[in-house]
Amino acid sequence: MLNIIIIAAGIGKRMNSNIPKSLHKLAGRYFLDHILESAEALKPSSINIVVGYGAEQIKSIYKHKTYINFIIQKNQMGTGHAVQQAIQYLSEKESKENLTLILYGDVPLIKIETLKILINNCSEGIAILTNMINDSRGYGHIIRDKDDRVLDIIEDEDSSEIQHKIQEINTGILVASTPKLKYWLSQLNNNNKKREYYLTDIIPLAIKDDVFINTYKLNSNWEGLGVNTKIQQVQLERLWQKQQAYNQIKKGVTIIDPERFDLRGKLYCGQEVFIDINCIFEGDVHLGDNTYIGPNCILKNVHVESGSIVDAYSHLQEAYLCKDVRVGPFSRLRPKVELGQKSCIGSFVEIKNSKIGDRTKTNHLSYIGDAYIGNDVNIGAGTITCNYDGINKSNTIIEDKAFIGSNSQLIAPIRVGQNATIAAGTVLTKDAPREQLTIARTKQISIKNWNKLRKKHTN
Ligand code: UD1
Ligand code: CA
């Protein structure tokens, strides 16, 4: 039986923010989202989150996860006190399998594999996760004897000059036998500089009970880093993003600069994918074989089939691009757009809730909204589907092989028939029949001998 307790009651004073610390974000997701992903993957018998500051906010965000037990810690009196609040609800049954894993709401990137190793190391009653880091200020330092056995964890505030320099630090994450943990917690006191009940003080209590402190030591690893300040948050964000970039590069993706890559969701890439600098990927993004994403693009929940190009400065949200499509530079695809094979969407074109057929082109300066456009259509520069009358949204249908001249306005609801030609500058208010030229603009006239105003010349 594995119980998980996540302690997340603190405000995180050092963040200088009103948001509860565990609701700050990393890679676009709450710290708690990351932690819960790892916690859930362990399939524990219970997940308990200790909340305090911002409790209602946290509870409402996760109300759909009905299996989570929320425990209130009214006053934040320390990490040990936080765990005490939750442990009272857990079974005291003495068995090797009755374990509790403690996770910290501000150590967001802990990996499932690491937690599994820690749990397997816990046969003797307790296992703690440590990390070797260069700058260990602010962390609890691991005190070992000459035989390398852990004796204690001393918080930075409480440590001596020599202890300050110890680079092995406490990540906060530990696994312990539930009944033993309960017993040790009941003996905590707050005789320290912060006047808090430290979870870390269970270490000497365990040793007093002749329990060996197992450790699993990470080597300068980002996954064990905690966030106390905004600086640490952005540093961890960059470390994590670089890691994600390298994961893709290892699989064969070309990412021109891993320092300028941001993934805030999941990215699935085929073979020979090329990603230029400063792109942001959000939600679920699929990039097929031989796809190219130019610099400074944002793709959110987008599917790009093989051979397609998204050129520089394009912003795509909830779009499906079939094979060999060309989008950009400077294109905007708003939700629910489907682009047929070999279609082209050019610069300063905005499309929303529309289906664009195979080989259809809309290359410059257009707005296409709520439209169904067939195959082999050409949409001239400056074409606008006037889909909104102030109250209702209406559809535009353009059938195969139609040609829409530049600067046309199509007042929806409207239909342009197959192979129809719409003359440039037309304001189309009635359906245009197939095969014909439809023109609606003032007839051009030229006036001879007209009286042009001339500037008077003064000498
Ligand atoms: C803690 C550890 C330190 C470790 C570091 C790793 C203790 C005493 N210290 O220090 O050894 O190196 O984490 O990141 O455990 N919390 C509550 N209720 C409270 C106090 C804290 O829920 O009363 C929660 C916070 O919301 C946070 C977590 O516990 O998610 C850690 O608290 P924090 O104050 O950040 O501890 P550190 O000083 O970082
Ligand atoms: Ca912390």
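Keep in mind that this is a model prediction, so the values were computed, not measured.

### Section: the overall build of the protein
On a plain count of helices and strands, the protein comes out with eight helices and 35 strands. The dimensions of the protein, computed from C-alpha atoms along their principal axes, are 110 × 65 × 45 Å. Counting every atom, the protein has about 23100 Å² of accessible surface; 49% of that belongs to carbon and sulfur. The average position of the 57 basic charges and that of the 49 acidic charges among the side chains of the protein differ by 10 Å.

### Details of the coordination of the calcium ion (ligand 2)
In this structure, D106 (OD) and N228 (OD1) serve as the protein donors to the calcium ion (ligand 2), at separations of 2.2 to 2.3 Å. Of this pair, D106 sits in the loop between β6 (99–104) and α4 (112–120) while N228 sits in the loop between β11 (214–219) and α8 (230–250), placing them 122 residues apart in sequence. N228 carries the same exposure label as D106, and that label is buried.

### Focus: the site of ligand 1
In the neighbourhood of ligand 1, 25 residues make up the surrounding shell, with Q73, G78, T79, E155 and N170 lying closest. Here an oxygen atom of ligand 1 and a side-chain polar atom of K21 are 3.4 Å apart. Within the side chain of Q73, a nitrogen or oxygen atom sits 2.7 Å from a nitrogen atom of ligand 1. Look at ligand 1: alone it shows 760 Å² of surface, and the protein chains cover 93% of it. Among the detected pockets, ligand 1 sits in the largest pocket.

### Things to note about the packing of aromatic side chains
How two aromatic rings sit relative to each other is given by the distance of their centres and the angle of their planes. Applying the stated criterion across every chain, the model contains five aromatic pairs. A ring pair is formed by Y313 and F330, whose centres lie 5.0 Å apart and whose planes are at 0°; its orientation type is stacked. Of this pair, Y313 sits in the loop between β18 (309–310) and β19 (315–321) while F330 sits in the loop between β20 (326–327) and β21 (331–333); the two residues are 17 residues apart in sequence, bridging distant segments of the chain. Members of the aromatic cluster, joined through ring pairs, are Y313, F330 and F348. K393 extends its terminal NZ or CZ atom over the ring of Y388, reaching a point 5.0 Å from the ring centre.

### Observations regarding the environment of D257
Mapped onto the elements of the fold, D257 is located in the loop between β12 (254–255) and β13 (261–269). Residues D257 and F403, 146 residues apart in the sequence, show an inter-C-alpha distance of 42 Å. At 2.9 Å, the side chain of D257 and the backbone nitrogen of E259 are in polar contact. At 2.7 Å, the side chain of D257 forms a polar contact with the side chain of R260.

### Observations concerning the side chain of S366
Among the structural elements, S366 can be located in strand β25 (residues 361–369). Residue class for S366 comes out buried when judged on its relative accessible area of 6%. Here T383 takes part through its backbone oxygen, which lies 3.3 Å from a polar atom of the side chain of S366. Excluding residues within four positions of it along the chain, S366 makes contact with F348, V349, E350, I379, G380, A381, G382 and T383.

Thresholds, definitions, all that
Residues numbered from 1 in each chain as written. Chains lettered and ligands numbered in written order. Predicted model: local features only at pLDDT ≥ 70, side-chain atom pairs only at ≥ 80, totals over all residues. Heavy atoms only, no water. Helix = DSSP H or I, 4+ residues; strand = E, 2+ residues; numbered from the N terminus. Areas by Shrake-Rupley, 256 points an atom, 1.4 Å probe, with all protein chains shown as cover. Lys, Arg positive; Asp, Glu negative; His and termini not counted. Charge placed at Lys NZ, Arg CZ, Asp CG, Glu CD. Donors = N, O, S within 2.8 Å, 3.2 Å for Na, K, Ca; no water. Buried < 20%, exposed > 50% of the residue type's maximum accessible area, 1.4 Å probe, protein only. Near = heavy atom within 4 Å. Polar contact = N/O pair within 3.5 Å; in protein donor to acceptor, adjacent residues only side chain to side chain. 1 Å grid on protein atoms, 1.4 Å probe; cavity = no way out; pocket = protein on both sides within 12 Å on 5 of 7 lines; lining within 4 Å. Sits in = over half its atoms within 2 Å of the grid points. Phe/Tyr/Trp six-rings, centres within 6.5 Å; stacked < 30°, edge-to-face > 60°. Lys NZ or Arg CZ within 6 Å of the ring centre and 35° of its normal. Contact = heavy atoms within 4.5 Å.

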